[in-house]
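Fold and contact review
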Amino acid sequence: MDPRDVLDLLVAEDEVAADGDADDLRLVFRTSLPARQERTVPLPDELPGILTSRLERLGIEHLWSHQAEVRDRVLAGRHTVVATGTASGKSLAYQLPTIELLLDDPDAVALYLAPTKALAHDQLRALRAFTLPQLRPAVVDGDTPRPERDAIRRTANWILTNPDLLHHGLLPNHRAWADVLHHLRVVVIDEAHVARGVFGSHVALVLRRLRRLAERYDADPTFVFASATIGNPAAHASALIGAEVGAVEQDGAPRGPVELGAWLPPWEDDGERRRSMLRETADLLGRFVAADVPTLVFTRSRKGAELVALGAQERLGDARDDAGRPLAAQVAAYRAGYLAEERRALEQALQRGELKGVAATEALELGIDVQGLDAVLLAGWPGTTAAFWQRIGRAGRRRDAAVGLLVAQEDPLDHYLVTHPEELLGRPSEDAIVDAENPYLLAGHLRCACQEAPLADEEALRWFGAGAPALLAEDVEAGRLRLRGGRHYWTSRGRAAAEVGLRSIGGRAIRIISSETGQIIGDVDEAKAHRTVHPGAVYLHQGQAFVVEALDLEQHLALVGPHHQPGLTTRPRTDTDVRVLDIERRLPWGEVELAYGAVEVTNQVTGYEVVRIASGEVLDRVELALPPQQLRTRAVWYAIPEGLLDDAGLAPAVVPGSLHAAEHAAIGMLPLLALCDRWDLGGLSTARHADTDRPTVFIYDGFPGGAGLAERSFDRFDRHVRLTRATIASCHCSAGCPSCVQSPKCGNGNDPLDKAGAVQVLDLLLAQGDRERAALQR
């Protein structure tokens, strides 16, 4: 069945069920995205004949315009980022010039870095499809046996790996990789938009270490980045390597028409909560699969992928396709965390079209070439405009038209976007932010660099920025480094790289171990351990629930046992305090104090609630006595004179709940202004703060030193407040719900909250901003 016909059928059923009440319609908007015509360039005459014949054998008779532009830049040795849409042939854009360089120089080597193992293996298949004997690609990752690594190091001329293995394996053992580094001509960083925030800042420092060692081996490779359409591709890529990078952004690839819509799950019977987004998505997946429409669902979590696939299988029941095969068996989940063999089997089933429905995390989003998809369902806003279009772009590679649906979850940002389609369709892509000079990250990488090759202050300044010499001096004083002959040496017998995890801000990971078997189940960042693996916490891993029996912070261990109450989960309760250390920026805002600066946040997990998953009912509260944690970071805050609140009709009794609700909604909406997730942020609201002596709301970055997120709110404060007010005011609930002011991470159990008061607070802020602008114009 045509996917648009399935959508028409769903809409017709929805209109009957709504019985004329527009508020009960689930498809809240629908639009048609037109096709885009291709812009082509003939295959260059100067291509080696064997390469031209291989391209023609693969059905490639011309290049798209952006591919030709990337080729010219790379062959000229210019660092380049290509930032075009999904299915625009970005892979060929960097493959072609790289292969040309490898054919021209038999000793040359290329390095490819991908954020996921699956993407590296997909690229390996693509390179092998050229069937060029001179091209010897190979994957090196955590699944590669050591003897194979040695053989790859000796024979491969295109090595495909990931930043983690580069950090933990290649760079610390660079002498074993000396020949590779000496002949390194091209470095490809795929899905570069993923390298943002803390992970991106770590990657930037790893790439600086790579450039430093390559230079020591007399190599000067050209860097090529492939990225989704972000707001600052050239600046972002330049920040990743610390050198100027040019951008190719004009997309010459064709695009088929897409029927795009937003789907809002219906209200439950009580009228205060909407139906589970995952259950709604599972039902939609089942409907499309039953109509023989190959469909891909993107979820935001591993657990979500499993639940959507399971729900769709249950909906399909015993139904069979025209060939008599069970439809439920043609639905599967795909996510990180599977064994290598499981991943490969699923990827092969996808390639062969044996699966009709797949529920996936971003492990599948990142570049795997899945053919023949006619519908894409997004289970919740993916967090960024770039990811939204990247995922929607997976649809429509086989038929004339495809369907893309965003299914909203109970979240302020989701609710706002599906009820403001002009914002969804018209907003520009966000900027990606990295900070390679964050001292909390930089210090560890400087130690790695010192172990790789002794590091002088001048070299540290050149590669790692102005703050590097001072950090080196601190480590010398602490005994972690030794200064001799003007160069810094690593003093420990241990590996410096082992102390730096690319996916965390710092500190040793807490290992999670089964008390029954002694098996290591997983790990969690030290900074998150208090909230996620406190004693009594329910911990989920690969669909299995455990209960934390003990947390040993000194040994960095958490012992877990089986969880025998599957309908229950836990939610931590926390106390938070914020102390202003330095006001770095102020902005006149009427009588309101609006500021940005350095703060110290103290968080303490004081207990947890036992919650029934189905209803959210709190069954028990348990007290804990975990030590407080300090975080020095950056925050934006506003402090309102009590008189203004009185004039706005906000009595003292409702001020705490009003500020609290405004804080929650503002945190939920900030990802619309910066590439981040609400879990990257924290907040505090108080009826009187010691440092401002006023009712105050803080929003802070959840990373030591800050990550530039709160500063985005400060720089676009009026826009942030207007977005926040709009999403609260447009929600149809009576007293506040997860779609507007309730937060899944609130340490106070979402109490107190005052939805109406939050709107009044935000109106007050907007009025003060308007007053300030009017005064400036006089």
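Residues numbered from 1 in each chain as written. Predicted model: local features only at pLDDT ≥ 70, side-chain atom pairs only at ≥ 80, totals over all residues. Heavy atoms only, no water.

Some details on the overall build of the protein
Definition in use: Note on conventions: DSSP H or I runs of at least 4 residues are helices, E runs of at least 2 residues are strands, and numbering of each starts at the N terminus. Radius of gyration: over C-alpha atoms. The globule rule applied is 2.2 Å multiplied by the number of residues raised to the 0.38 power. The classification of residues rests on relative accessible area computed with a 1.4 Å probe and restricted to protein chains. Under 20% of the type maximum is buried, over 50% is exposed, and intermediate values are partly exposed.
Along the protein, the regular secondary structure elements total 26 helices and 30 strands. Over its C-alpha trace the protein gives a radius of gyration of 27 Å, about what one expects of a compact globule, namely 28 Å for 778 residues. Seen through its principal axes, the protein has C-alpha atoms that stretch 80 × 75 × 70 Å. Relative to its full complement of 778 residues, the protein shows a buried share of 56%.

Quick notes on the sheet that holds strand β15 (residues 375–379)
Spelled out, the test is: Strands pair, by our definition, only if DSSP identifies at least two bridges between them. For helices, the fitted axis covers only the stretch in contact; all axes are lines through C-alpha atoms, and the angles between them, taken along N-to-C directions, range from 0 to 180 degrees.
Sheet architecture is open: 7 strands sit in the order β1-β11-β16-β15-β12-β14-β13, paired in mixed fashion. Here the strands that pair on one side only, and so sit at the sheet edges, are β1 (27–33) and β13 (331–334). With direction set aside, neighbouring strand axes in the sheet form an average angle of 15 degrees. Note: β13 against strand β14 (residues 357–360), 4 bridges, orientation parallel. Bridged to V331 within β14 is G357.

Considerations on the pattern of salt bridges
Applicable threshold: By definition, a salt bridge exists where a carboxyl oxygen of Asp or Glu is found within 4 Å of a side-chain nitrogen of Lys or Arg.
Tallying each qualifying case throughout the model produces 45 salt bridges. Notably, a salt bridge pairs R719 with E423, separated by 2.6 Å at the nearest N-O pair. Taken together, the residues R719 in helix α25 (residues 717–729) and E423 in helix α17 (residues 421–426) connect sequence positions 296 residues apart. Judged by relative accessible area, which is 30%, R719 ranks as partly exposed. Here the salt bridges share partners, and the residues they tie into one network are D14, R26, R275, E280 and D283.

Quick look at helix α19 (residues 457–464)
Our working definition: An arc is given here, and it is the one of the directions from the helix axis to the C-beta atoms. Contact between two residues is taken to exist if any of their heavy atoms lie within 4.5 Å; hydrogens are not considered.
Every buried residue of α19 is accounted for by E459, A460, W463 and F464. The buried residues of α19 all sit within an arc of 100 degrees when viewed along its axis, so they share a single face. Among the exposed residues of α19, those pointing more than 90 degrees away from its buried face are E458 and R462. The secondary structure elements touched by the buried residues of α19 are α9 (197–216), α18 (439–452), β17 (455–456) and α20 (468–478). After α19 finishes, the residue G465 shows a positive phi value of roughly 100 degrees.

Some details on unusual backbone geometry
Negative phi characterises most residues that are not glycine, and trans characterises most peptide bonds. At the junction of D751 and P752, the peptide bond is cis and its omega measures out at 5 degrees in the coordinates. Tracing the sequence through the fold places P752 in the loop between α25 and α26 (755–777). Positioned with a positive phi, E191 is a non-glycine residue whose angle comes to about 50 degrees. Relative to the helices and strands, E191 resides in the loop between β8 (184–189) and α9. Residue E191 is classed as buried on the basis of its relative accessible area of 7%. Non-glycine residue D292 carries a positive phi angle of around 65 degrees. Structurally, D292 can be placed in the loop between α11 (277–290) and β12 (295–298). In this structure D292 comes out as partly exposed when scored by relative accessible area, which is 41%.

Here's the deal with the side chain of T633
Heads up, the rule is: Pairs of N or O atoms within 3.5 Å make up the polar contacts considered here, provided that, within protein, one atom can donate a hydrogen while the other can accept it, and that residues adjacent in sequence are counted only when both atoms are side-chain atoms.
Its location among the elements puts T633 in strand β28 (residues 629–639). What makes T633 buried here is its relative accessible area of 1%. Looking at T633, its side chain comes within polar contact range of the main-chain oxygen of F703, at 2.9 Å. Among residues more than four places away in sequence, those in contact with T633 are G597, A598, V599, V601, Y700, D701, F703, G705 and G706.

Let's talk about helix α23 (residues 655–669)
Because each turn of an α-helix spans 3.6 residues, side chains separated by three or four positions end up pointing in the same direction. Stated formally: In a helix, the anticipated span is given by 1.5 Å times the number of residues less one.
Between its first and last C-alpha atoms α23 spans 21 Å; for 15 residues at 1.5 Å apiece the expected length is 21 Å, and the two agree. Most of α23 is tucked away, with 14 of its 15 residues classed as buried.

Observations regarding a positive patch on the surface
Where we set the bar: In this analysis, a patch consists of residues with relative accessible area above 30% that form no salt bridge, clustered at 9 Å for like charges and at 5 Å for the nonpolar side chains Val, Leu, Ile, Met, Phe, Trp and Tyr. Only the protein chains shown count as cover for residues, and all accessible areas are computed by the Shrake-Rupley method using a 1.4 Å probe. Asp and Glu are treated as the negative residues and Lys and Arg as the positive ones, with His and the ends of the chain left uncounted. Working definition for charges: the position is that of NZ of Lys, CZ of Arg, CG of Asp or CD of Glu.
On the surface, a cluster of positive charge is made up of R175, R216, R482, R484 and R487. Mapped onto the secondary structure, R487 falls in strand β19 (residues 487–490). For R487, a relative accessible area of 36% translates into the label partly exposed.

So, the nonpolar core
Using the following cut-off: What we call a nonpolar core is a set of buried Ala, Val, Leu, Ile, Met, Phe, Trp, Tyr and Cys residues that are connected through their side-chain atoms within 4.5 Å.
Of all hydrophobic cores here, the largest spans 140 residues; its most connected members are L207, L210, F225, F464, Y638, I640 and L765. For this core, the leading source of residues is α9, giving 9 residues. Once residues lying within four places of it in the same chain are set aside, the contact partners of F464 are L205, R208, R209, E437, L442, L446, A449 and L455. Residues V82, A108, A114 and L132 belong to the second largest nonpolar core, which totals 36 residues.

Notes on the sheet that holds strand β4 (residues 80–83)
Spatial strand order, β6-β7-β5-β8-β9-β4-β10: 7 strands in an open sheet with parallel pairing. Where the open sheet ends on each side, the last strands, each with one partner, are β6 (137–139) and β10 (246–248). Taken pair by pair, the neighbouring strands of this sheet meet at an average axis angle of 20 degrees, ignoring direction. Where β6 lies against strand β7 (residues 158–161), 3 bridges are found, and the strand directions are parallel. By the bridge assignment for β7, A138 is matched with I159.

Description of the packing of aromatic side chains
How we decide: Pairs were defined over the aromatic rings of Phe, Tyr and Trp, the Trp ring being its six-membered one, requiring ring centres within 6.5 Å. Orientation was assigned from the angle between planes: stacked under 30 degrees, edge-to-face over 60, tilted for the rest.
Applying the stated rule across the entire model yields 7 aromatic pairs. Ring centres 5.5 Å apart and planes at 35 degrees place the aromatic pair W637 and F698 in the tilted group. Taken together, the positions of W637 in strand β28 and F698 in strand β30 (residues 696–701) put the pair 61 residues apart, joining distant regions of the chain. Residue W637 is classed as buried on the basis of its relative accessible area of 1%.

Side note on the packing of helix α2 (residues 49–57) against helix α4 (residues 90–104)
The description of two helices packed together rests on the angle between their axes and the distance between the axes. This is how the line gets drawn: Angle categories are assigned with fixed cut-offs, so that under 35 degrees is roughly parallel, over 145 is roughly antiparallel, 65 to 115 is roughly perpendicular, and the rest are oblique. For any pair of crossing helices, the crossing counts as left-handed if the nearer helix is rotated counterclockwise from the farther one by less than a right angle, and right-handed if it is rotated clockwise. Classification convention: Asp, Glu, Lys, Arg as charged; Ala, Val, Leu, Ile, Met, Phe, Trp, Tyr, Cys, Pro as nonpolar; all other residues, Gly among them, as polar.
Interhelical geometry of α2 versus α4 gives an angle of 150 degrees and a closest axis separation of 11 Å. When the axes of α2 and α4 are compared, the pair comes out roughly antiparallel. Between α2 and α4 lies a crossing of right-handed hand. On the side of α2, the interface is formed by I50, L51 and L55, while α4 contributes L92, L96, I99, E100 and L103. A breakdown of the residues in the contact of α2 with α4 according to their chemical character gives 7 nonpolar, no polar and 1 charged.

Thoughts on the environment of P115
Within the secondary structure, P115 sits in the loop between β5 (109–113) and α5 (117–128). On a C-alpha basis, the gap between P115 and A178 in space is 24 Å, while along the polypeptide they are 63 residues apart.

Describing the pairing of strand β23 (residues 544–552)
The sheet contact formed by strand β22 (residues 538–541) and β23 spans 4 bridges and is antiparallel. Note on β23: the bridge partner recorded for V538 is V547. Bridge count for β23 against strand β24 (residues 557–562) is 6 bridges, and the pairing is antiparallel. Bridging across to β24, V547 finds its partner in G561. Connecting β23 to the antiparallel partner β24 that follows it, the hairpin turn spans 4 residues, and H556 within it adopts a positive phi of roughly 60 degrees.

Any link to function would need more than the numbers given here.
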